[in-house]
Amino acid sequence: MPPARVGVVARLKKRYPRIAGGYFTFDRRSLGLTRIWIGCLLVYDLLRRVPGLSTWYTNDGLLPNHTHLWRPAAPQMFSLFFPASWTGEAAVLFALCGIAFFCFLVGYKTKLAHILSFAGIVSLHSRCVFLENGGDVVLNILCVWTLFLPMGDRFSVDAVRASLRQRRERSIDDLNDRSALPRNTTPVTSMVVLAILLELSVIYYFNAMSKTGQTWHRGTAVHYVLYQERMVTWLGYLIRDHVTFAMSRFMTFTTLFLEATAPIFILSPVSRGFTRRAAILLLPGMHLAFAALLNVGMFSFNMIGFFPLLLAAADWDILRRRFGPGLARARTVYFDDRSGVCTAWARILVRLDVLGLLRFASLDEGGAAPAGYEVRQAVTGHSASGVDALAESLAALPAGLPLSIMARLPGVRSLLRFFLARLESHRERVSQCLGLAPLGALDEGFPEGVSRARSWFSAMCVWLREIAVVVVMIAVASQVLMENKIVPKVLKRGQATWMIDMVVYPRLFQGWSMFTPDAPTGERMLYIDAVTFDGRHVDPFNQQASRVSTLPVERIPGYMDQNEFWCDYTNRIPDNSINWPPLKEWIFKYNTRTGRTEDRIISYEARILESDSPPPGQTGARNLRTKVIAREHE
């Protein structure tokens with residue numbers, strides 16, 4: 001039984017249901033889908049950092065922790081990775097973050113996993129604050145705002161476990177009776193919904209309004225961005241010479257239009273269903289185009305993480321009708337109701353089968369089957385057992401078809417067949433160890449009662465949650481005014497210390513100015529001309545940073561294929577002398593990384609090569625220039 005809604009937001013919903021429904025409520029299914037998306041983002045963000053673990057997270061790399069701790073970029077810095085000095089220590093923390101991220105993804109102990117995941121992702125970002133970018137900030141913001149929402153109510157392990165506790169089917173008829181399944185379908189009502197809508201609108205508004213330069217007004221921004229050799233993807237590199245001026249103008253002005261009108265799509269009180277659906281389709285489409293042509297890290301995919309929240313109940317009905325499994329996937333599942341393992345799997349399937357396409361029956365009705373489990377097609381009567389039965393069951397579930405196809409893949413199929421065979425041979429022992437009872441021996445489940453004390457405590461938690469949301473909104477709003485250059489100076493009245501702390505510690509910055517006021521019209525490349533003990537010239541930097549590391553460097557090579565970490569490091573290191581000593585140490589450790597004594601560096605020159613991007617209608621870089629930023633001998 002969910003706690004009663006109290007407070008201003010609930011009263012607003014009761015008095016003005018249309019307004020509250022649009023600006024203060026989210027569908028619980030949307031929260032579940034958003035949790036899965038954010039969980040995937042967290043896991044991917046961790047995995048993409050693994051290859052650079054020693055480079056960015058240890059004292060043997062380019063960003064040793066003492067450099068940040070002695071002269072931090074800001075006094076309000078927090079990272080669990082600051083005590084880690086060596087690769088093994090950082091790897092252990094990576095593994096712990098991975099466990100928290102995975103638990104949040106599947107929705108196991110969701111609130112605790114959410115808090116730990118937030119601490120983990122902020123720690124990952126703050127340890128490499130020198131490389132921080134807008135994509136990192138967007139992911140931090142997503143994690144913070146969703147902390148105030150019940151992200152584990154749907155599509156989660158927690159939801160299935162709660163349902164299994166509350167209703168314990170004791171017969172086949174109970175399994176086939178879906179009407180009594182406990183499922184909370186009421187939307188979530190909170191002030192944080194408005195905060196998320198405003199946050200999303202602010203990001204697009206200031207990005208659009210800050211694009212005041214000539215490259216945006218003339219429509220050449222897309223052209224120039226595609227000639228950023230550090231950022232362009234293989235696809236952008238392939239097509240850029242064929243992008244005409246008219247095409248560049250169209251893509252540039254389309255980007256401006258979508259960013260400028262995004263707040264209208266998101267906040268419009270008129271035709272809200274249409275405008276929200278337009279936002280869900282157009283804005284993620286724009287971000288996918290960004291990701292296809294430019295390596296902007298995770299910014300595009302992190303921004304897409306906001307949009308599942310905009311799905312309303314009517315949208316879910318449309319998705320179910322158009323993309324849900326049809327009646328052709330209806331199946332009858334025959335299982336051994338005297339087995340605890342088979343019974344447990346049947347009860348889980350009941351909760352996952354929200355469209356009611358699976359009917360359950362005892363093996364006594366359908367005859368024996370391997371592993372006590374068989375699936376028959378409802379129309380043709382075709383039967384399947386083993387891995388095929390598992391795949392047929394999964395195909396009947398919403399979004400289960402990809403899992404069904406995966407289960408039939410040769411390698412996966414062999415593993416599943418081995419697992420099911422072992423499970424069959426130890427079925428009774430597994431049932432006893434896990435405490436799984438057969439269908440007829442299950443105790444009756446009862447809905448959890450709510451005492452007056454617990455109800456009062458739940459109501460107070462709702463009040464505290466709403467107060468906390470308002471406090472964070474005030475801090476974030478002050479950061480919006482202070483950080484964005486287009487805000488009039490009269491509105492920049494300063495910030496209280498608590499506001500700064502609340503923004504800086506979790507890295508919730510609000511300066512939205514991607515490629516502003518102009519798109520970059522030039523490119524730069526950092527290369528190291530190092531001399532080894534045996535007289536060879538090598539470039540230790542670009543051997544890791546780029547796909548091209550040939551010396552001598554006469555021009556900036558096309559499509560350098562740098563990831564966002566090397567791209568940002570190259571762009572920022574010339575103007576940050578505090579990080580030059582670690583760069584020097586890292587270069588002289590070249591032979592320890594290669595394991596070859598003849599690779600010992602005796603001297604090097606660090607050079608910056610700069611050029612102007614070609615104007616529209618041309619393809620060759622111009623005005624090549626170079627300068628030495630460091631020169632060292634052993």
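Fair warning: this is a prediction, and the values are worked out from it, not measured in the lab.

**Some details on the overall build of the protein chain**
Helices and strands together make up the secondary structure of the protein chain, namely 30 helices and ten strands. Relative to a compact globule of 634 residues, whose C-alpha radius of gyration would be 26 Å, the protein chain shows 29 Å and is just as compact. For the protein chain, the spread of C-alpha atoms along the three principal axes comes to 80 × 65 × 50 Å. Looking at the 634 residues of the protein chain, the share that counts as buried comes to 50%. The long-range fraction of contacts in the protein chain, counting pairs at least 24 apart against all pairs at least 6 apart in sequence, stands at 75%. Carbon and sulfur atoms make up 62% of the accessible area of the protein chain, which amounts to about 30200 Å² in all. Across the protein chain, the mean location of the 70 positive side-chain charges is 7 Å away from that of the 52 negative side-chain charges.

**Details of the pattern of salt bridges**
Tallied over the full model, the rule gives 35 salt bridges. With a shortest N-O distance of 3.0 Å, E229 and R240 are connected by a salt bridge. Here the residue E229 occupies a position in the loop between α13 (221–225) and α14 (234–239), and R240 occupies one in the loop between α14 and α15 (245–267), the gap between them amounting to eleven residues. Like E229, the residue R240 is buried in the burial classification. Of the charged contacts in the structure, one is a salt bridge between R277 and D315, with a shortest N-O distance of 2.5 Å. Of this pair, R277 sits in helix α16 (residues 272–293) while D315 sits in helix α18 (residues 313–323), and the two are 38 residues apart along the sequence.

**What about the sheet that holds strand β4 (residues 358–362)?**
A sheet is described by the order of its strands in space; here four strands give the open sequence β4-β3-β5-β6, paired in mixed fashion. Where the open sheet ends on each side, the last strands, each with one partner, are β4 and β6 (383–385). Adjacent strand axes in the sheet meet at a mean angle of 25°, parallel and antiparallel pairs treated alike. In terms of strand pairing, strand β5 (residues 373–377) meets β6 through three bridges, oriented antiparallel. Bridge pairing links E374 to S385 in β6. Against the sheet, helix α19 (residues 340–352) makes contact with β3 (331–335), β4 and β5, and its axis sits at roughly 160° relative to β4, the strand it touches most. Contacts from helix α21 (residues 386–395) reach β3, β4, β5 and β6, with the element oriented near 55° to β5.

**Focus on a positive patch on the surface**
Taken together, the side chains of K109, R161, R165 and R168 present a region of like positive charge at the surface. By secondary structure assignment, the location of R161 is in helix α9 (residues 157–166).

**A closer look at unusual backbone geometry**
Here the residue pair T516 and P517 is connected by a cis peptide bond, since its omega of -10° sits within 30 degrees of zero. Positionally, P517 belongs in the loop between α26 (497–504) and β7 (522–532). In the Ramachandran plot, K109 falls in the positive-phi region, its phi being about 50° despite a non-glycine side chain. Along the chain, K109 falls in the loop between α6 (87–106) and α7 (110–127). Of note in the backbone geometry, R507 takes a positive phi value of approximately 60° without being a glycine.

About the cut-offs
- Residues numbered from 1 in each chain as written.
- Predicted model: local features only at pLDDT ≥ 70, side-chain atom pairs only at ≥ 80, totals over all residues.
- Heavy atoms only, no water.
- Helix = DSSP H or I, 4+ residues; strand = E, 2+ residues; numbered from the N terminus.
- Rg over C-alpha atoms; globule rule 2.2 N^0.38 Å.
- Buried < 20%, exposed > 50% of the residue type's maximum accessible area, 1.4 Å probe, protein only.
- Contact = heavy atoms within 4.5 Å.
- Areas by Shrake-Rupley, 256 points an atom, 1.4 Å probe, with all protein chains shown as cover.
- Lys, Arg positive; Asp, Glu negative; His and termini not counted.
- Charge placed at Lys NZ, Arg CZ, Asp CG, Glu CD.
- Salt bridge = Lys/Arg side-chain N within 4 Å of Asp/Glu carboxyl O.
- Pairing = 2+ DSSP bridges.
- Axes fitted to C-alpha atoms, helices over the stretch in contact; angles between N-to-C directions.
- Patch = residues over 30% accessible without salt bridge, like charges linked within 9 Å, V, L, I, M, F, W, Y side chains within 5 Å.

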